[in-house]
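Listed below, chain by chain, are the residues.
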Amino acid sequence: MGSPKNDSASNDAETKVQSEPIDRSKLMEKYGIKEMNEDDVDELIDSYSGGSLNEDDVEKIELTLMNKIKKSIFGIPKIKGTEVMVFLDSASEISGDINIIIEYERKGLLSRLMGESKDIDNLRRQVINIVQIEIKKSFRKFPEIVDKFNINVEIN
Amino acid sequence: MKRVIVVASGKGGVGKTTITANLGVALSTFGEETLVLDADVAMANLELILGMEGKSITLHDVLSGDASIEDAIYEGPGGLKVVPAGISLEGLRKIKLDRLEEALETILQDTDILLIDAPAGLEKDALASIAAAQEMILVTTPEVPSISDALKTKIIANKLGVDIIGVVINRELHDKTFLTIEEIETILEVPVLAVIPDDPEVSRASAFGEPIIVKNPKSPTSNAIMQLGADLIGEKYQPIEPDKKGVISKLVEGLLGRR
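Residues numbered from 1 in each chain as written. Chains lettered and ligands numbered in written order. Predicted model: local features only at pLDDT ≥ 70, side-chain atom pairs only at ≥ 80, totals over all residues. Heavy atoms only, no water.

(A) Up close: the side chain of B:Asp199. Residue and element names in this part refer to chain B. With respect to the helices and strands, Asp199 occurs in the loop between β8 (192–197) and α8 (200–207). One buried charged side chain, Asp199, makes no salt bridge at all; its nearest oppositely charged neighbour is Arg204, positioned 6.6 Å away. When residues no more than four places from it in sequence are discounted, the contact partners of Asp199 are Ile212, Ser219 and Thr221. (Helix = DSSP H or I, 4+ residues; strand = E, 2+ residues; numbered from the N terminus. Buried < 20%, exposed > 50% of the residue type's maximum accessible area, 1.4 Å probe, protein only. Lys, Arg positive; Asp, Glu negative; His and termini not counted. Salt bridge = Lys/Arg side-chain N within 4 Å of Asp/Glu carboxyl O. Contact = heavy atoms within 4.5 Å.)

What follows is the structure, encoded as structure tokens:
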């Protein structure tokens, strides 16, 4: 294998014996053909694989996502405190668990009687929405990744 | 040994699918259990070249869990088996990667050589096809844009750990405006496996939905592809000599009823 199989090929093989070896870089220059640089190659392959992640990368993403979620949750009125834990799994595709504990400023007795549980449900929904928005913002190119996260919200 | 070979080009329209289909038939003719997987979704014309269009069950159905891989395998010319892809491999990779791997494993149980017809370009579908293979055959025409894209494809394949068997130069025209075989070999740094001449018979055969090596086995194109197939599996091939009788003598023979 490795040699042309028709007449033109054998003619060229004869020429090859007679002529000087061709300088590859000069040839590339002559035809304006460029090599791909390492960064372009890596970028292309990352775009296919979704990027390879090592443990450090995973930790950085967890921390960044955690801080972003925390900051957003504090934007909700009557939140006294929050604890956010992000656990990523990047074994095959990125997925993860996000656990959130929220300290909520309780209303007065009357309001509680009027339906605090409804408020808590609304708050839980609001928090989940915020988390999903932050995930989508963080993985802009792969918004569908949001479905791979389990979001648990505990309100105290 | 089971082999998974991807046929890729970089640039579209260089004749990659035609080469894949005919090479598949050639390998099958040599007695190899060969299966061609059509991964070129955007230009899914492998079935057209093989005269097998409009199949209802595709690889997509298999990976969606709606059909078994056996149902997506169709018998083609010369005993070649064909699996139409039906959907982007990348789309499948994201959701059903396990099933894709399972499907390939199942295919390989009864297959000696799996040929993957990769999409042109270096989009995700193309990369998924390349990554699924162990070996690669590059297809290029002797023109600069085609060689430039083939070089990119080769670099990516190397990075993905795919072994490049060599390059097939398609539509060779003996024209000084094009690159020579030696120049192509030097730029791509891979051996030239075959040189396929520019042959209008190829388009004619495709129009009839028949691979050229079936429709016209004596043509230089058919001989070159058969030789390529033989080289791939270490077989010997004796080219079929074209009929050298002239048109007039054929006519006379026809009139005299000798044919």
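From this point on, the discussion continues.
(B) Seen up close, the pairing of strand β3 (residues 149–155) of chain A. Residue and element names in this part refer to chain A. Only one face of β3 is buried: it carries Phe149, Ile151, Val153 and Ile155, and the other face, with Asn150, Asn152 and Glu154, is open. Pairing of strand β2 (residues 95–104) with β3 involves seven bridges; the strand directions are parallel. Looking across to β3, one finds that Ile98 is bridged to Ile151. (Pairing = 2+ DSSP bridges.)

(C) The packing of helix α6 (residues 144–159) of chain B against helix α7 (residues 181–188) of chain B, seen in detail. Residues and elements named next belong to chain B. Look at α6 against α7: their axes get within 10 Å of each other, and the N-to-C directions meet at 35°. Between α6 and α7 lies a crossing of right-handed hand. On the side of α6, the interface is formed by Ile147, Ala150, Leu151 and Lys154, while α7 contributes Ile184, Ile187 and Leu188. When grouped by side-chain class, the residues that make up the contact of α6 with α7 number six nonpolar, no polar and one charged. (Axes fitted to C-alpha atoms, helices over the stretch in contact; angles between N-to-C directions. Left-handed = near helix turned anticlockwise from the far one by under 90°. Nonpolar A, V, L, I, M, F, W, Y, C, P; charged D, E, K, R; others polar.)

(D) Quick look at the environment of B:Ile107. All names here are of chain B. Tracing the backbone shows Ile107 in helix α4 (residues 89–109). Taking relative accessible area as the criterion, Ile107 reaches 3% and is therefore assigned buried. For the pair formed by Ile107 and Ile73, sequence separation is 34 residues and the distance between their alpha carbons is 8.9 Å. Apart from the residues lying within four places of it in its own chain, the contact partners of Ile107 are Leu35, Ile69, Val83 and Leu114.

(E) View of a nonpolar patch on the surface. On the surface, A:Met85, A:Phe87 and A:Ile101 cluster together into a nonpolar patch covering about 230 Å² of accessible area. Mapped onto the elements, A:Met85 comes out in strand β1 (residues 79–89). (Patch = residues over 30% accessible without salt bridge, like charges linked within 9 Å, V, L, I, M, F, W, Y side chains within 5 Å. Areas by Shrake-Rupley, 256 points an atom, 1.4 Å probe, with all protein chains shown as cover.)

(F) Summary view of the pattern of salt bridges. All names here are of chain A. Here the structure, examined in full by the defined rule, presents 14 salt bridges over all chains. We note a salt bridge from Arg124 to Asp121, for which the minimum N-O separation is 3.7 Å. Note that Arg124 and Asp121 are positioned in helix α5 (residues 109–138) at a spacing of three residues, about one turn of the helix. By relative accessible area, which is 29% here, Arg124 ends up partly exposed. Relative accessible area serves as the criterion here: at 39%, Asp121 is assigned to the partly exposed category.

(G) The environment of A:Glu62, seen in detail. All names here are of chain A. In this structure, Glu62 sits in helix α4 (residues 55–73). Residue Glu62 is classed as buried on the basis of its relative accessible area of 18%. The spatial distance from the C-alpha of Glu62 to the C-alpha of Ile98 is 9.5 Å, given a sequence separation of 36 residues. When sequence neighbours within four positions are dropped, the list of residues in contact with Glu62 reads Val86, Phe87 and Leu88. At 2.8 Å, the side chain of Glu62 forms a polar contact with the backbone nitrogen of Leu88. (Polar contact = N/O pair within 3.5 Å; in protein donor to acceptor, adjacent residues only side chain to side chain.)

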